[in-house]
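Geometric and topological summary
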Amino acid sequence: MIPLQAQLPDGGWTYVVSIVAVSLYVSLTAVGLSTLFSLPVALGIGFTDFRGKRLVTAVVNTGMGFPSVVVGLVVLILLSNSGPLGSLDLAFTPRAMILSQFILATPVLLSVSLSAVEGVDQSVRDAAYAMGGTRVDVGLAVIKEARFGIVTAILAGFGRAISEVGSILIVGGNIVYSDGQSYTRTLTTAITVEARQGRYEVGLVLGVILLALVLAVNGLGSWLRNQGRGERSV
């Protein structure tokens, strides 16, 4: 049976709170940036017929299976002192972790969003154009119609980001300050460390917190979808 009070590392609950804060900051920022990038791209691909569209879609879908450690290694090479982006001094910082998670979350978010956009009936676009709408107006109308699928895409992207271990371990370095405050250590990398050091109770506590965060976010997404369906049925 797991003890109710696990022996926390130096820093105690401050250590745990800082890990949660870094995890949420990195994942939410990466998913937010990915959403801002993916939605316009999904609309562009979904609205346009061009040669190679199937190939582009296939590449996007393939990107959902990117090996995270490979992404982390490539990002680290780019950001290292000898890399092309070394002058930015981003290696082993939360911003490097955000970049890595952005790369991993974007194919997931883009693929699901594209499916949602392409699933919107052509009559919605035609009606928006008939009312004198611009391409932006039509895009907003499609987003409104596809909002449930887009919410699902965002949740899927967040799940991919918050559960990531390999890439952020490589680019972030799993750094903790001497006072126990996390700099680049997240819930997933902390669980790995605690398991290796034999502090299984601490690892389980962190695992429960991670599961609670994921369930809370998915619960919020489900609530938003149900609210939208309720409004539609009125």
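Being a predicted model, the structure only gives us computed values, none of them experimental.

**Section: the overall build of the protein chain**
Helix and strand counts for the protein chain stand at ten helices and zero strands. Overall, the protein chain shows an N-to-C arrangement of helices and strands of α-α-α-α-α-α-α-α-α-α. Within the protein chain, buried positions represent 42% of all 234 residues. Taking all contacts inside the protein chain whose residues are at least 6 apart in sequence as the whole, residues at least 24 apart take part in 75%. By element, 65% of the accessible surface of the protein chain is carried by carbon and sulfur atoms, the whole surface being about 12,600 Å². For the protein chain, the separation between the mean place of its 15 positive charges and that of its 13 negative charges on side chains is 6 Å.

**Here we look at the packing of helix H5 (residues 122–130) against helix H6 (residues 135–145)**
The N-to-C vectors of H5 and H6 enclose an angle of 145°; their axes lie 9 Å apart at closest approach. The way H5 lies across H6 gives a crossing that is right-handed. Contact residues: H5 offers Val 124, Arg 125, Ala 128 and Tyr 129, while H6 offers Arg 135, Val 138, Ala 141, Val 142 and Glu 145. Residues of the contact of H5 with H6, tallied by class, amount to six nonpolar, no polar and three charged.

**Here's the deal with the pattern of salt bridges**
Where charged atoms from two side chains of opposite charge come close, those side chains can pair. Considering all chains together, one arrives at four salt bridges under this definition. Residue Lys 53 pairs with Glu 118 through a salt bridge whose shortest N-O separation is 3.9 Å. With Lys 53 in helix H2 (residues 53–63) and Glu 118 in helix H4 (residues 94–118), this pair connects stretches of sequence that are 65 residues apart. Here Glu 164 makes a salt bridge to Arg 160, at a shortest N to O gap of 3.8 Å. With respect to class, Glu 164 is no different from Arg 160; both count as buried. Shared partners join several salt bridges into a network, and the residues in it are Asp 49, Lys 53 and Glu 118.

**Considerations on the UniProt feature "domain: ABC transmembrane type-1" (unreviewed entry) in the protein chain**
Within this structure's numbering, the places UniProt gives as "domain: ABC transmembrane type-1" (unreviewed entry) are residues 20–221. Helix and strand shares over residues 20–221 are 75% and 0% respectively, and the end C-alpha atoms of the span are 20 Å apart.

What counts and how
- Residues numbered from 1 in each chain as written.
- Predicted model: local features only at pLDDT ≥ 70, side-chain atom pairs only at ≥ 80, totals over all residues.
- Heavy atoms only, no water.
- Helix = DSSP H or I, 4+ residues; strand = E, 2+ residues; numbered from the N terminus.
- Buried < 20%, exposed > 50% of the residue type's maximum accessible area, 1.4 Å probe, protein only.
- Contact = heavy atoms within 4.5 Å.
- Areas by Shrake-Rupley, 256 points an atom, 1.4 Å probe, with all protein chains shown as cover.
- Lys, Arg positive; Asp, Glu negative; His and termini not counted.
- Charge placed at Lys NZ, Arg CZ, Asp CG, Glu CD.
- Axes fitted to C-alpha atoms, helices over the stretch in contact; angles between N-to-C directions.
- Left-handed = near helix turned anticlockwise from the far one by under 90°.
- Nonpolar A, V, L, I, M, F, W, Y, C, P; charged D, E, K, R; others polar.
- Salt bridge = Lys/Arg side-chain N within 4 Å of Asp/Glu carboxyl O.
- UniProt positions renumbered as here; feature names shortened; annotations may be inferred.

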